[in-house]
Amino acid sequence: VQLQAYGGGLVQAGGCLRLSCAASGGTFASYGMGWFRQAPGKERELVAGMAQRGGITHYADSVKGRFTISRDNAKNTVYLQMNSLKPEDTAVYYCAADFKVFPFVVPLAAPEYEYWGRGTLVTVSS
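Here is what the cut-offs are and how they apply
- Residues numbered from 1 in each chain as written.
- Predicted model: local features only at pLDDT ≥ 70, side-chain atom pairs only at ≥ 80, totals over all residues.
- Heavy atoms only, no water.
- Helix = DSSP H or I, 4+ residues; strand = E, 2+ residues; numbered from the N terminus.
- Rg over C-alpha atoms; globule rule 2.2 N^0.38 Å.
- Areas by Shrake-Rupley, 256 points an atom, 1.4 Å probe, with all protein chains shown as cover.
- Lys, Arg positive; Asp, Glu negative; His and termini not counted.
- Charge placed at Lys NZ, Arg CZ, Asp CG, Glu CD.
- Pairing = 2+ DSSP bridges.
- Axes fitted to C-alpha atoms, helices over the stretch in contact; angles between N-to-C directions.
- Phe/Tyr/Trp six-rings, centres within 6.5 Å; stacked < 30°, edge-to-face > 60°.
- Buried < 20%, exposed > 50% of the residue type's maximum accessible area, 1.4 Å probe, protein only.

> Talk me through the overall build of the protein chain; I want residue IDs and the actual numbers.
For the protein chain, the count of helices and strands is 0 helices and 11 strands. Its C-alpha atoms give the protein chain a radius of gyration of 13 Å, within 12% of the compact-globule value 14 Å for 126 residues. Accessible surface, the protein chain: about 6,400 Å² in total, of which carbon and sulfur atoms supply 51%. Both charge centroids of the protein chain, one from 12 positive and one from 9 negative side chains, sit 5 Å from each other.

Here it is as structure tokens:
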């Protein structure tokens, strides 16, 4: 399975971006999906996750109400809509896939994910 994330860039505080992650080489609909981010000097953290089925999602407290994760199984793509961006959202964002997760569970920890895409940099200026 290969994951390709894109859509990052430079945006002013209060702005928005939509990240996309296209999957290939596997059965996308069978994966739990997640978006992680890692800022300089900080650990990688889960931003948003989505279960394989049921539209079940999980968000970090810091992004609740501002970010939305969604998936389009027909396009093998997961999205992260980011609104009201803040300078502290600046980080490299990674998408990841977990194929062993139960269908209605959102994998929360990085070690649970088997596949990772290359990151895309999001920079929010103040």
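From this point, the narrative continues.
> Give me the lowdown on the sheet that holds strand β8 (residues 77-82), citing residues and values where you can.
Taken together, the 4 strands give an open sheet; going across it, the order is β1-β3-β8-β7, and neighbouring strands pair in antiparallel fashion. If you trace the sheet from one side to the other, it starts and ends with β1 (2-6) and β7 (67-72), each paired once. Each strand of the sheet is rotated relative to its neighbour by a mean of 15°, with strand direction disregarded. In this sheet, strand β3 (residues 17-24) lies alongside β1 in antiparallel orientation, the contact comprising 5 bridges. Opposite Tyr6, over in β3, you have Ser20 as the bridge partner.

> Got a sec to walk through the packing of aromatic side chains? Specific residues and values, please.
A complete count under the given rule lists 5 aromatic pairs for this structure. Look at Phe36 and Tyr113: their rings are 5.2 Å apart centre to centre, the planes differ by 85°, and that puts the pair in the edge-to-face class. Taken together, the positions of Phe36 in strand β4 (residues 32-38) and Tyr113 in the loop between β9 (91-98) and β10 (115-116) put the pair 77 residues apart, joining distant regions of the chain. In this pair, the class of Phe36 matches that of Tyr113, namely buried.

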